[in-house]
Amino acid sequence: MISILVFCLFLSRFSVIHGLSMNYYGTRGPMVEMMVRNTVNRALDSDPSLAAGLLRMHFHDCFVEGCDASILLNSTKDNTAEKDSPANLSLRGYEIIDAAKDLIEDHCPGIVSCADIVAMAARDAVLWAGGLFYDIPKGRKDGRRSMIEDTRNLPAPFLNSSELISIFSKNGLSIKDMVSLSGAHTLGVARCSSFKKRLQKFNSSHEIDPTLDSSFADTLSKTCNTGDNAEVPFDETRNSFDNSYFIGLRKNNGVLSSDQTLYTSPRTRGIVNAYAKNTTRFFFDFQQAMVKMGLIDVKEGSQGEVRQNCQRIN
């Protein structure tokens, strides 16, 4: 009961901020959230792996130009957009956002931004996968800029904890936020190309990454023998939102260097231990961090628009 009360008080801080509010669409679009949730649920019932895609899409959107649906814009003959960056080629779930947008436009045209749909879809994916429901402020506008060079702001899979802390801090997110948001890796998979260097012999001792459990390294190596595009789940329950990711880190079973560094580093190890021991605490902190992340550099007024089609500016 206390945790629920604290979270409600936390949300009240964001009830109206940057022109956003929990009931932004009100009587203009009272069924908007249900339409998004139903679209997401139908898609995930058919393909559970898309939950990770929707969550990752929201993260990749917010860390580049803010939460403004810039990740959805297509490249043009004069510009290569974010979605065509190597860092984003494995993103999935665009068709779910488009389906929700089309449904909403049929009922209340010109009202709901693609940026809000991305944020709601990520939240609903967490709920579908076993996480708790949390409300988010709405009213984001869609951005008009999407350039491949801006994706350099995305955290790379080989960063250490200090580098991750720095990147998240620049976006107004704390160390606790960073670790809890990393817990999104409880869903989905990583491609071998993003961690194969951990398996290769390196330095004078000719050993694999010493922070990687040897038995787990053997398992990863066998999978990656089939090629760079082979996929490995981040944890044992790839389609369930739980704390298995953090339990795996304590066993040195983090797939990416940027995963395992959270347990290796004294600055973040305590938070990993706390989440590994207490799922409720992880869920609570993750919800708060998602709300904060969803407010990164939101567009308002003339800074943005409500796109008619999520793939192109009006």
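Residues numbered from 1 in each chain as written. Predicted model: local features only at pLDDT ≥ 70, side-chain atom pairs only at ≥ 80, totals over all residues. Heavy atoms only, no water.

Asks: Can you break down the overall build of the protein chain residue by residue, with the values?
Replies: Along the backbone of the protein chain there are 12 helices and four strands. Against the compact-globule benchmark of 20 Å for 314 residues, the protein chain has a radius of gyration of 19 Å, which places it among compact chains. Across its three principal directions, the C-alpha atoms of the protein chain cover 65 × 55 × 35 Å. When the 314 residues of the protein chain are sorted by exposure, 53% land in the buried category. Just so you have it, the protein chain exposes about 14200 Å², and 52% of that area is on carbon and sulfur atoms. (Helix = DSSP H or I, 4+ residues; strand = E, 2+ residues; numbered from the N terminus. Rg over C-alpha atoms; globule rule 2.2 N^0.38 Å. Buried < 20%, exposed > 50% of the residue type's maximum accessible area, 1.4 Å probe, protein only. Areas by Shrake-Rupley, 256 points an atom, 1.4 Å probe, with all protein chains shown as cover.)

Asks: Any details on the state of the cysteines? Residues and values, ideally.
Replies: All told, the structure shown has three disulfides when counted by the stated rule. One disulfide bridge connects Cys 62 with Cys 67, the sulfur atoms lying 2.0 Å from each other. Here the disulfide of Cys 62 and Cys 67 is right-handed, its torsion about the S-S bond being about 120°. Note on Cys 67: relative accessible area 1%, which makes it buried. Between the sulfur atoms of Cys 192 and its disulfide partner Cys 224 the distance amounts to 2.0 Å. (Disulfide = S-S within 2.5 Å.)

Asks: Requested: an account of the packing of helix H7 (residues 175-182) against helix H11 (residues 266-277), with residues and values cited.
Replies: For any two helices packed against each other, the geometry is given by the interaxial angle and the distance between the axes. Where H7 meets H11, the closest approach of the two axes is 10 Å, and the angle between their N-to-C directions is 50°. One finds that H7 runs oblique with respect to H11. Note that H7 runs across H11; the crossing there is right-handed. Of the residues in H11, those touching H7 at Ile 175, Lys 176, Met 178, Val 179 and Ser 180 are Arg 267, Thr 268, Ile 271, Val 272 and Tyr 275. Residue composition of the contact of H7 with H11, by class: six nonpolar, two polar and two charged. (Axes fitted to C-alpha atoms, helices over the stretch in contact; angles between N-to-C directions. Parallel < 35°, antiparallel > 145°, perpendicular 65-115°, else oblique. Left-handed = near helix turned anticlockwise from the far one by under 90°. Contact = heavy atoms within 4.5 Å. Nonpolar A, V, L, I, M, F, W, Y, C, P; charged D, E, K, R; others polar.)

Asks: Could you give an account of the packing of helix H2 (residues 32-46) against helix H4 (residues 94-107), with specific residues and numbers?
Replies: Direction vectors running N to C along H2 and H4 enclose 145°, while the axes themselves pass 9 Å from each other. Where H2 crosses over H4, the handedness of that crossing is right-handed. Touching Val 32, Met 35, Val 36, Thr 39, Val 40 and Ala 43 of H2 are Ile 96, Ala 99, Ala 100, Leu 103, Ile 104 and His 107, all from H4. For the contact of H2 with H4, a count of residues per class yields 10 nonpolar, two polar and no charged.

Asks: Describe the layout of surface pockets, with residues and values.
Replies: Remark: the empty space left among the atoms is shown by a probe the size of a water molecule rolled over them. When its volume is computed, the largest pocket comes out at roughly 1500 Å³. Lining of the largest pocket is provided by 47 residues; of these, Arg 56, Pro 157, Ser 194, Phe 234 and Leu 256 occupy positions nearest its centre. Counting residues per element, the ones that place at least two in the lining of the largest pocket are helix H3 (50-62), helix H6 (161-170), H7, strand E3 (189-191), helix H10 (257-264) and helix H12 (279-293). A total of six residues in the lining of the largest pocket trace back to one element, the largest contributor, which is H3. (1 Å grid on protein atoms, 1.4 Å probe; cavity = no way out; pocket = protein on both sides within 12 Å on 5 of 7 lines; lining within 4 Å. Points joined across faces, edges and corners; volume = space filled by probe spheres on them.)

Asks: Residue-level account of the environment of Gly 304, with values.
Replies: With respect to the secondary-structure elements, Gly 304 resides in the segment after H12. Between the C-alpha atom of Gly 304 and that of Arg 269, which follows or precedes it by 35 residues, the distance is 40 Å.

Asks: Could you give an account of unusual backbone geometry, naming the residues involved and the relevant values?
Replies: Positioned with a positive phi, Ala 69 is a non-glycine residue whose angle comes to about 60°. On the secondary structure map, Ala 69 appears in the loop between H3 and H4.

Asks: Describe in detail the nonpolar core, supporting the description with residues and values.
Replies: Ranked by size, the top nonpolar core spans 75 residues in total, and within it Leu 72 and Phe 286 carry the most contacts. Per element, the largest residue contribution to this core is 10 residues, and it comes from helix H5 (residues 114-128). By size, the runner-up hydrophobic cluster in this structure holds 14 residues, among which are Ala 190, Phe 195, Val 232 and Val 255. (Core = buried A, V, L, I, M, F, W, Y, C linked by side-chain atoms within 4.5 Å.)

Asks: Explain the confidence of the model for the protein chain residue by residue, including any values.
Replies: On average, residues of the protein chain score 91 in pLDDT, and 92% of them reach the 70 mark or higher. Contacts of residues 1-12 to residues separated by more than four positions or lying in other chains number 12 contacts, the stretch itself having pLDDT below 50. (pLDDT = per-residue confidence, 0-100.)

Asks: How would you summarise the packing of aromatic side chains if you had to cite specific residues and measurements?
Replies: Inspection of every chain in the model, using the stated rule, returns 13 aromatic pairs. Between Phe 241 and Phe 283, the ring centres sit 5.4 Å apart and the planes meet at 40°, which makes this aromatic pair tilted. In this pair, Phe 241 is assigned in the loop between strand E4 (231-233) and helix H9 (244-250) and Phe 283 in helix H12, connecting sequence segments 42 residues apart. In this pair, the class of Phe 241 matches that of Phe 283, namely buried. When the centroid spacing of 5.6 Å and the interplanar angle of 50° are considered together, the rings of Tyr 275 and Phe 282 count as tilted. Residue Tyr 275 shares its accessibility class with Phe 282, and that shared class is buried. Through a chain of ring-to-ring contacts, three or more aromatic side chains come together here, namely Phe 241, Tyr 245, Phe 246, Tyr 275, Phe 282, Phe 283 and Phe 286. Its end group placed over the ring of Tyr 24, Arg 28 keeps NZ or CZ at 5.2 Å from the ring centre. (Phe/Tyr/Trp six-rings, centres within 6.5 Å; stacked < 30°, edge-to-face > 60°. Lys NZ or Arg CZ within 6 Å of the ring centre and 35° of its normal.)

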